[in-house]
Amino acid sequence: MKRTITHLTDGRELIYYDGRDDADHGASDTRDLPPRPLASELRRDPLLDEWVAVARHRQTRTHLPSAEECPLCPAHPGSEIPSPYEVAVFENRFPSFSFNTGQGAETGGHDDVGGLSEVRPGIGRCEVVCFTADHNASFSSLGDDRVGLVMEAWADRTAELSALPGVEQVFCFENRGAEIGITLPHPHGQIYAYPYVTPRTRRMLDTAARYPGGNLFADVLAAERRGPRVVAANEHWTAFVPAAARYPFEVHVYPHRRVPDIPALAAEERAAFGPVYTEVLRRLDGLFGVAMPYVAAWHQAPVSHRRDLAHLHLQLFSIRRAPDKLKYLAGSESAMGAFVNDVLPEEAARMLRQARITG
């Protein structure tokens with residue numbers, strides 16, 4: 001893998017990842033860009049002990065441009081990526097977190113928030129990961145070599161971001177589909193470097209710490225590998241519908257060896273991920289004959305908090321429950337965090353195993 005680091009005109013970092021050593025990215029960014037926004041403001045919810053980022057500048061971010069104006073397509077006047085590329089990563093122009101504190105985070109003029117909410121700058125970093133220059137592609141259509149290159153980029157960025165001061169957790173993810181609320185249809189993902197450990201991760205690790213039987217994640221994986229909900233598997237990875245799936249179609253993808261994060265995966269484990277994962281994605285698309293909206297979320301160990309309890313895994317879920325129906329997170333889910341699933345997990349696994357594999 002060849003890594004080429006350059007910068008955009010406003011100072012943001014742009015990194016190219018290539019499978020060829022002779023790749024050339026000599027073109028430079030010539031746009032006249034405004035100054036980078038200040039870091040967001042973090043406010044702590046005293047009732048839930050959770051942090052909320054207030055990032056007003058994100059209201060102006062690019063929203064569903066035409067293919068001709070897509071900022072992730074390379075080498076046109078409005079592009080964030082001036083050279084043709086295989087995989088490219090750059091700092092988000094409209095970040096939820098950043099180190100650009102300037103004279104302070106964007107407080108909105110409220111020096112005293114009041115109440116019991118603690119306030120601090122939303123330091124951290126947000127990056128965009130472009131999986132391919134092909135605007136009409138999808139992650140499911142990537143070949144194994146390209147998935148491997150994306151894995152190398154995830155691993156490299158996780159290691160680099162974890163070393164930044166104040167970063168507590170690195171989260172790699174992809175939102176796909178208009179139903180999910182994407183703002184750019186070009187196949188891409190994001191990476192958030194949080195200045196705190198996220199609520200879901202804290203809860204999982206707290207549960208793992210209380211588990212009396214040994215390693216919670218390993219035992220869950222072992223039980224699922226013996227059960228009826230496996231969707232795809234190979235020597236190093238198993239994809240299964242969890243017994244208590246919250247979403248109509250939800251799949252977790254686990255490496256068989258317990259590792260804390262993507263950088264800890266061995267070369268053969270990284271290479272084996274693509275065939276299992278893209279099979280699951282193609283089965284999702286083949287289920288109803290439409291492109292399935294989904295969120296794909298890598299659960300990695302925090303940078304320095306309870307890493308010994310974590311087990312790297314990917315959570316993939318879709319809000320589509322039928323060809324013409326979506327599951328909305330309404331009263332029970334949104335207000336109480338109490339999920340009600342419309343599809344039996346065993347039936348979802350059977351449907352996915354029997355689905356036509358697209359592509």
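Rules used throughout
Residues numbered from 1 in each chain as written. Predicted model: local features only at pLDDT ≥ 70, side-chain atom pairs only at ≥ 80, totals over all residues. Heavy atoms only, no water. Phe/Tyr/Trp six-rings, centres within 6.5 Å; stacked < 30°, edge-to-face > 60°. Lys NZ or Arg CZ within 6 Å of the ring centre and 35° of its normal. Helix = DSSP H or I, 4+ residues; strand = E, 2+ residues; numbered from the N terminus. Expected span 1.5 Å × (residues − 1). Buried < 20%, exposed > 50% of the residue type's maximum accessible area, 1.4 Å probe, protein only. Pairing = 2+ DSSP bridges. Contact = heavy atoms within 4.5 Å. Axes fitted to C-alpha atoms, helices over the stretch in contact; angles between N-to-C directions.

Student: Can you lay out the packing of aromatic side chains for me, pointing to particular residues and giving the numbers?
Tutor: A full pass over the atoms with the stated rule returns 21 aromatic pairs. Taken together, the ring pairs in this structure connect Phe131, Phe139, Trp154, Trp237, Phe273, Tyr277 and Trp298 into an aromatic cluster. Here the basic side chain of Arg246 rests over the ring of Phe339, its NZ or CZ set 5.7 Å away from the ring centre.

Student: Residue-level account of the environment of Pro77, with values.
Tutor: As for its position among the elements, Pro77 is in the loop between strand E4 (50-54) and strand E5 (87-91). Each C-alpha atom of the pair Pro77 and Asn136 lies 20 Å from the other, and the pair is 59 residues apart in sequence.

Student: Outline helix H1 (residues 144-162), listing residues and values.
Tutor: Between its first and last C-alpha atoms H1 spans 27 Å; for 19 residues at 1.5 Å apiece the expected length is 27 Å, and the two agree. For H1, every residue scored as buried is listed here: Val147, Gly148, Leu149, Val150, Met151, Ala153, Trp154, Ala155, Asp156, Arg157, Thr158 and Leu161.

Student: Please provide a residue-by-residue account of the pairing of strand E14 (residues 313-318), values included.
Tutor: Burial analysis of E14 places six of its six residues in the buried class, which makes it a mostly covered element. Going residue by residue along E14, you find His313, Gln315 and Phe317 tucked away on one face and Leu314, Leu316 and Ser318 tucked away on the opposite face as well. For strand E12 (residues 249-255) and E14, the ladder comprises five bridges, and the chain directions are antiparallel. In the strand pairing of E14, Glu250 is matched with Phe317.

Student: Can you lay out the side chain of Arg283 for me, pointing to particular residues and giving the numbers?
Tutor: Topologically, Arg283 is positioned in helix H4 (residues 267-288). What makes Arg283 buried here is its relative accessible area of 11%. Look past the residues within four positions of Arg283 in its chain and what remains in contact with it is Val231, Leu352, Arg353, Gln354, Ala355, Arg356 and Ile357.

Student: I'd love a proper account of the sheet that holds E5, names of residues and values included.
Tutor: Pairing is antiparallel across the open sheet formed by 11 strands, whose spatial order is E1-E2-E5-E7-E9-E8-E13-E14-E12-E11-E10. Taken across any chain shown, the strands that pair with only one partner, and hence form the sheet edges, are strand E1 (2-7) and strand E10 (230-233). Put simply, the sheet's adjacent strands are angled 20° from each other on average, direction ignored. Across six bridges, the pairing between E1 and strand E2 (residues 13-18) is antiparallel. The residue bridging Thr4 from the neighbouring strand is Tyr16, located in E2. Against the sheet, helix H3 (residues 216-226) touches E10, strand E11 (237-240), E12 and E14, its axis set at about 75° to E11. The strands touched by H4 within the sheet are strand E8 (169-176), E10, E11, E12, strand E13 (294-299) and E14, with E10 carrying the most contacts at an inclination of about 140°.

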